[in-house]
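Given next are the chains, with one letter for each unit.
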Amino acid sequence: MSALVSDVGTRTAVAAANLVKVYGKGDTAVRALDGVSVEFAAGRFTAIMGPSGSGKSTLMHCLAGLDNVDGGSVNIGGTEITSLGDKELTRLRRDRVGFVFQAFNLLPTLTAEANILLGLELAGRKPDREWFDTIVDVLGLRDRLKHKPTELSGGQQQRVACARALVARPDVVFADEPTGNLDSRSGAEVLDFLRMSVRKLGQTVIMVTHDPVAASYADRVVLMADGHLAGEIDNPTADSVLSALKHLGA
Amino acid sequence: MLRTIIAGLKARTARLVLSSVAIALGVAFVTGTLVLGDAMTASLRDEFAKGARNVDVSVTVSGESSSPDEIPGITPETLAKIRQAPGVAAADPRDFQTVPLVAANGKAKSAWAVPLASNEKLNEFDLVDGRYPTKDDEIAVDKRTASTSKLTIGQPVVLLGEGDQRHTYTLVGTYQQGTNQVSLSGYDHVGLTAAAFQALEPERPPYQVVATAAAGFTQQQVVDNVRKAIGDSGFKIQSGEELTRETLERVEQQSGEFTTVLLAFAIIALVVAAMVIYNTFTILVAQRTRELALMRCVGASRAQVFRGVLAEALVMGLAASVIGLFGGIGVSALLQRVIFSFGEGGGTVLLPVTATTVAASFAVGTLVTVLAAVLPARKATRVAPVAALRSQPDSGEEVSRTSVVRVLTAVLFGVIGVGGIVFGMGIEDEDAAMFVSGAGTMALLAAVLVLGPLLVGPVNRVLGALPRAVLGVPAKLASANAGRNPKRTAATTAALMIGVTIVSLVTVVANSAKETANAEIDQRMPADYTVTSAVYGRPLPKELAEQLADVPEVDRVAPTTVVYGEREYFTGVPRDAIGTLFRPTVTSGSLDDLGDGTVAVNAQYAKRQGVAVGQVVTVKPGQGQAQELKVVAIVEGQRLSDGIMTMETSSRFPQAAEGYESILVKLKDGVANGRAAVEKVTDPSPLAVVDSAAETKEQLNQQLNQVLGFIWALIGLAVVIALFGIANTLTLSVLERTRESALLRALGLTKGQLRLMLVVESVLMALMGAAIGLLLGIGFGWVITEALSNDTISVDLVVPFGQIGVMLAGAVVAAILAAALPARRAARTSVVAGMAEA
Ligand SMILES: Nc1ncnc2c1ncn2[C@@H]1O[C@H](COP(=O)(O)OP(=O)(O)O)[C@@H](O)[C@H]1O
Ligand SMILES: [Mg+2]
């Protein structure tokens, strides 16, 4: 584990250069990303913050290879992904990227355990049982493994999603408002786990949020406004994020 | 509210189109079947009514003739009296006799000969080419006869009169018969002048005379005048109207069977269509549960929401029903063309649209749609709006809640079904047995349909095992999807299940009947070739047997004769053929004792008549003296007749003495071209026809296949609609699961795997319906064959694995096609767009 932690902050996990993403055409065109250049260090927990509509989700989708870009480049773990086709992108996602979405993270037809292992199965990889057990125990999901998603609370569902994102040991985990639908206690549990996975397990996490409290769990906050980068905060607290946001609004 | 409805309709175009197509197809199927049935009946009526065309008075012999020796009929004197009655413009006899017609190849075939009317108006036929005969050496034949016997106008035509005397005529015209028992029987048909017709069999008086009225006389006046002229006794005198009515009543009876069959198809159509529509709409409304809840949250009352759904369903149901109605009329026209193409006759496409048809179509299209929309909408508005809002977009419902009622209903149907089957199998009369057992099987089908949702789980696990093992994750997901909503899957596959059940049932029964008939042919034709007479009632000349025996390729011959009694008919065979060409199984007595004045009877006959070995049966032939024959043996496994006797014994009966019923020919071993050798002898005889068991089977099989083809075509339509139902469900499910598909894609499922997943899901659903349907169909087929079997015939179950394989393969291919569009759609949606979908 120490080997994993050793290159914290030195290696770049994900990098974007001059990203441009335009929705629509002509008069109604929206430049959701307007020349964004940003780097995310490996083994760090980064939050992307900004007001609603500032382009956070769009940035995440482009970084994760879920959406194509109109300009610039994205690099994940040394692979330039903007030139990749659908097949390669799919393989990249399945092998090197983990996701936690705001809602509908799980397939209703599968049990929690099957949901956690789905990504690995798709990749045709054997799960590392020890690793699986560690994650399940840390997330307190042991007695929920045989349950279907509808039998789980919202917090439990998000924790299953986190487990799925981590079980494949991806290069990077993207989380888009992972606590957006949760009450503060369940939200705190999920955020604690994400932070723990970075600190103790050396995972790289990039999380989109508009909640200053959620952002304060991160090592670093990247601020966005109107499709541009609008500053960053290292070792944020809820108060420092809030005041930075107020500056943006002003 | 209206604005919300219209906005709703606009926003969900794709879903609306799908469900409208489901409704329209269902309605089209129902309309098509009903219109086809009415068209068939109408054309039958038209055709049958030709017999009563232009007839104002009809005189028939009423059966009780004055003296028993006299052949009942209308004498020339009576005809003259009718013709002279005041107001009779023309009167002509109606009659028929079967006469051998010698075709271009020199072979005789049975033909119906009729006298043509002196007044053309009174003919039952429509002239096609040339003209009607005016001289006694002229002849006209019907269109089909001309083409099958290769006769052209101007050529000579030969009929064989009494004593095989050749009568030669010149063909002057062809005509088209109306539809009646004769034209439906497929017999050849020829028309002669009245005098020429009489000349064929002089002592034969006609059974009916028809007349037209002169101008200025009413039908009733002429009827009265004729009655005055010939008296009442021994005659039935009818007006033209009465004759028409009587004819049509007979048509109703005749076409009744056919209408029943079509009605059965229409009911199947109705059920299948209703199921597809109901299912589609249920999914549609279930998907809108959240939307309805949202409307409730913003202040719409439960009644308003409910009315909205109702109005929408009504509009859509009506619109789609109209489209379906016209589509159905088209389907019917198409089916009629298909039917016409089977026969050589051709025909006109009729499209009668009755009130019943329209009512049934709208009932299916509109009522079912409204019900299918309102029931789930009621459920959706009953829960608290917020709860509905929170619910998953997946319209899954638990089955367990209703399963007690479900199981009880299924048990009830099951008990009725099994009861009907067991009771039906015990009935001796095969028609009644088939009806009762058939009803029982349908009750069982209903039981399985009711149980459907509970069966989905286990069946899906079994069927999904192979794809899961072979195709990996996508198949695993597909199997989970197919089983996620058992009610929906059951409803989707039910339509296909019904179709496949009926098709396999019919196929199994038809094939079993075919095999049974083939076995019977083997029994009847123990020899290589059987020479029979082409013309009913004209036995083969005896010299033919001797000539055949002299052919070097022939090992042995065995002629047979036939003896008809009042309740039985026996076969006469040469003593030395018993044990060689005839090998019946003896159950009691001994065939060694079969000599002059004795008979060996079949077990069924013995049982029926209550006779045993040693007793005497009395055989009273139509002509000649009754004979007492001693029963020396009871035999089984010969299906020729009720029993066998020696040739000598049979010659005590005059009818058997005239000639041979058939001549069995056994070739020497290793003879290559036996048929040519046999035909060298039989060719000069116009009556002799050479059959081999193989060829007879072939002929029979062709006929059965044609009937089977027609049924496959009709039910095929239901299957198409059922498959469309699968496509529909799948498309709606794909729409419903857009987020899920996007999630899977984000997690690393490739586009190809996503498509594969949907294809496997479709195939699994199709296979569920097809597999259960096949099991039921084959099981029911066994029930029906058992019900058909009795002491006289035993129908063995034959499962045509080839055809069933074709059916399964067809279902799989169709399911793949059904999945094509939804799969494309699912794969095309981008991950981000999919995730954004509410
Ligand atoms: N599919 C889309 N089509 C058109 N415009 C879009 C689409 N997705 C996002 N946008 C626009 O792009 C901008 C950024 O959106 P998004 O990245 O979702 O913001 P955030 O996640 O920060 O709230 C917004 O102005 C939004 O309206
Ligand atoms: Mg967002």
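**Points about the site of ligand 1**
All names here are of chain A. The full set of residues close to ligand 1 is Tyr23, Val30, Ala32, Pro51, Ser52, Gly53, Ser54, Gly55, Lys56, Ser57 and Thr58. For ligand 1, an oxygen atom lies 2.8 Å from a polar atom in the side chain of Ser57. Thr58 is positioned such that a nitrogen or oxygen atom in its side chain is 2.5 Å from an oxygen atom of ligand 1. Residue classes in the shell around ligand 1 are distributed as 4 nonpolar, 6 polar and 1 charged.

**Focus on the interface of chain B and chain A**
Counting residues at the interface gives 24 residues for chain B and 23 residues for chain A. Buried surface at the junction of chain B and chain A, summed over both partners, amounts to about 2300 Å²; 68% is from carbon and sulfur atoms. The largest contributions to the chain B side of the interface with chain A come from Leu743, Leu747 and Val832 of chain B, which together make up 25% of the buried area. Across the pair Glu121 of chain A and Lys476 of chain B runs a salt bridge, and its minimum N-O distance is 2.8 Å. Here the residues of the side of chain B that touches chain A are counted per class, giving 12 nonpolar, 5 polar and 7 charged.

**Some words on a nonpolar patch on the surface**
Residue and element names in this part refer to chain B. A cluster of nonpolar side chains, Val407, Val411, Val415 and Leu454, forms an exposed patch at the surface whose accessible area comes to about 300 Å². Considering every element that reaches the nonpolar patch, the biggest residue donor is helix H13 (residues 403-426), with 3 residues. For Val411, the location among the structural elements is in helix H13. Residue classification places Val411 among the partly exposed residues on the basis of a relative accessible area of 45%.

**Quick word on the side chain of Glu138 of chain B**
Looking at where Glu138 of chain B falls in the secondary structure, it is placed in strand E6 (residues 138-142). Once residues within four sequence positions are removed from consideration, Glu138 of chain B is found in contact with Arg131, Pro133, Tyr169, Thr170, Val172 and Leu192 of chain B.

**A closer look at helix H23 (residues 738-747) of chain B**
All names here are of chain B. In terms of burial, H23 is a largely internal element, 10 of the 10 residues being buried. All of the buried residues along H23 are Thr738, Arg739, Glu740, Ser741, Ala742, Leu743, Leu744, Arg745, Ala746 and Leu747. One or two positions beyond H23, positive phi appears at Gly748, with a value near 115°.

**A look at the sheet that holds strand E1 (residues 57-61) of chain B**
Residue and element names in this part refer to chain B. Strand order in the open sheet made by the 4 strands is E2-E10-E1-E11, with antiparallel pairing throughout. The sheet is open, and its two edges are formed by strand E2 (88-94) and strand E11 (235-239), each paired on a single side. Direction aside, the axes of adjacent strands within the sheet are offset by 20° on average. Across 6 bridges, E2 lies against strand E10 (residues 208-213) in antiparallel orientation. Residue pairing in the sheet places Arg94 in a bridge with Gln208 of E10. Here helix H3 (residues 76-84) sits on the sheet in contact with E1, E2, E10 and E11, set at roughly 155° to E2. Contacts from helix H7 (residues 219-230) reach E1, E2, E10 and E11 within the one sheet, and its direction differs from that of E11 by about 165°.

**A look at the side chain of Asp95 of chain B**
Assignment of secondary structure puts Asp95 of chain B in the loop between E2 and strand E3 (97-102). Asp95 of chain B has contacts with Ala113, Val114, Pro115, Phe197, Arg204, Pro205, Pro206 and Tyr207 of chain B, leaving out every residue within four places of it along the chain.

**Details of the environment of Val599 of chain B**
Residue and element names in this part refer to chain B. Along the chain, the position of Val599 falls in strand E16 (residues 598-602). Taking the relative accessible area as the measure of exposure, Val599 reaches 0% and is therefore buried. Once the C-alpha coordinates of Val599 and Glu543 are considered, the two residues, 56 residues apart in sequence, prove to be 26 Å apart. Setting aside residues up to four positions removed in sequence, Val599 forms contacts with Phe570, Leu594, Val617, Leu629, Lys630, Val631, Val632, Ala633, Ile644 and Met645.

**Structural notes on the sheet that holds strand E8 (residues 205-208) of chain A**
Residue and element names in this part refer to chain A. Here we have 6 strands laid out as an open sheet, ordered E6-E7-E8-E3-E9-E10, and mixed in their pairing. At either margin of the open sheet sits one strand with a lone partner, and together these are strand E6 (97-100) and strand E10 (228-234). Neighbouring strand axes in the sheet, compared pairwise and without regard to direction, differ in orientation by 20° on average. Contacts from helix H7 (residues 184-199) reach strand E3 (45-49) and E8, with the element oriented near 150° to E8.

**A short note on the packing of aromatic side chains**
Counted by the stated rule, this structure contains 7 aromatic pairs over all chains. For the ring pair Phe99 of chain A and Phe101 of chain A, a centre distance of 5.4 Å and an interplane angle of 10° mean the geometry is stacked. Taking the relative accessible area as the measure of exposure, Phe101 of chain A reaches 4% and is therefore buried. When the centroid spacing of 4.3 Å and the interplanar angle of 35° are considered together, the rings of Phe96 of chain B and Trp112 of chain B count as tilted. Pair noted here: Phe96 of chain B is in the loop between E2 and E3 and Trp112 of chain B is in strand E4 (residues 108-115), with a separation of 16 residues, a long-range link.

**Quick word on the domain arrangement of chain B**
In terms of domains, chain B is made up of domain 1 (96-205), domain 2 (454-526 + 693-838) and domain 3 (541-684). Summarising the inter-unit geometry, the C-alpha centres of domain 1 of chain B and domain 3 of chain B are found 35 Å apart.

**What to know about the nonpolar core**
Grouped together as the largest cluster of nonpolar side chains are 68 residues, with contacts concentrated most on Ile23, Ile268, Val272, Phe281, Leu496 and Ile715 of chain B. A per-element tally of this core places helix H22 (residues 693-736) of chain B first, with 12 residues. Look past the residues within four positions of Ile268 of chain B in its chain and what remains in contact with it is Ile498, Ile502 and Ile715 of chain B. Formed by 61 residues, the second largest nonpolar core is a distinct cluster that contains Ala42 and Phe99 of chain A together with Val760 and Ala823 of chain B.

**Quick look at the pattern of salt bridges**
Residues and elements named next belong to chain A. Per the stated rule, a full pass over the model turns up 20 salt bridges over all chains. The closest approach of N and O atoms between Arg44 and Asp219, which form a salt bridge, is 3.6 Å. Of this pair, Arg44 sits in the loop between strand E2 (30-41) and E3 while Asp219 sits in the loop between helix H8 (212-215) and strand E9 (220-225); the two residues are 175 residues apart in sequence, bridging distant segments of the chain. Here Arg159 and Glu189 are joined by a salt bridge, their closest N and O atoms 3.5 Å apart. Here Arg159 is found in helix H6 (residues 154-167), whereas its partner Glu189 is found in helix H7, with 30 residues between them in sequence.

**Observations concerning unusual backbone geometry**
Glycine aside, negative phi is the norm for most residues, and most peptide bonds take the trans geometry. All names here are of chain A. Positive phi, close to 45°, is recorded for Glu177, a residue that is not glycine. Tracing the backbone through its elements, the reader meets Glu177 in the loop between strand E7 (172-176) and H7. In the Ramachandran plot, Asn235 falls in the positive-phi region, its phi being about 45° despite a non-glycine side chain. Inspection of the secondary structure assignment puts Asn235 in the loop between E10 and helix H9 (238-249).

Thresholds, definitions, all that
The residue count restarts for each chain, going from 1 along the sequence in the order it is written. Chain labels run from A onward and ligand labels from 1 onward, assigned in the order the entries are written. In keeping with the model being predicted, local features are shown solely for residues with a pLDDT of at least 70 and side-chain atom pairs are shown and tallied solely at 80 or more, while totals for entire chains, interfaces and linings include all residues. Think of the side-chain values as coming from all heavy atoms in the structure, minus any hydrogens and water. Only a single heavy atom is needed: when it lies within 4 Å of a molecule or strand, its residue is near that molecule or strand. Here a polar contact means two N or O atoms within 3.5 Å. Within protein one must be a hydrogen donor candidate and the other an acceptor candidate, and residues neighboring in sequence count only if both atoms are side-chain atoms. All amino acids are sorted into three groups, where Ala, Val, Leu, Ile, Met, Phe, Trp, Tyr, Cys and Pro are nonpolar, Asp, Glu, Lys and Arg are charged, and the leftover types, Gly among them, are polar. Note on contacts: a residue pair qualifies if any of its non-hydrogen atoms lie within 4.5 Å across the two residues. Once two parts are brought into contact, the accessible area they lose, counted with a 1.4 Å probe and summed over both, makes up the buried area. Here, a salt bridge means any side-chain nitrogen of Lys or Arg that lies within 4 Å of a carboxyl oxygen of Asp or Glu. A patch consists of residues exposed above 30% relative accessible area that lack any salt bridge, with like charges linked at up to 9 Å and nonpolar side chains (Val, Leu, Ile, Met, Phe, Trp, Tyr) linked at up to 5 Å. Per-residue and other accessible areas were derived by the Shrake-Rupley procedure at a 1.4 Å probe size, with only the shown protein chains allowed to occlude residues. Numbering of helices and strands starts at the N terminus; helices are DSSP runs of H or I of at least 4 residues and strands are runs of E of at least 2. Exposure categories follow from relative accessible area, calculated using a 1.4 Å probe and restricted to protein chains: below 20% of the type maximum is buried, above 50% is exposed, and the middle band is partly exposed. Here the rule is simple: two strands pair whenever DSSP picks up at least two bridges between them. In this analysis an axis means a line fitted to C-alpha atoms, helices contributing only their contacting stretch, and an angle means the value between N-to-C directions, from 0 to 180 degrees. Between 30 and 60 degrees the pair is tilted, below 30 it is stacked and above 60 it is edge-to-face, where a pair is any two Phe, Tyr or Trp rings, Trp via its six-membered ring, whose centres lie within 6.5 Å. Throughout the structure description, domain borders are defined by an automatic or database domain assignment. We call a set of buried Ala, Val, Leu, Ile, Met, Phe, Trp, Tyr and Cys residues a nonpolar core when their side-chain atoms join them within 4.5 Å.

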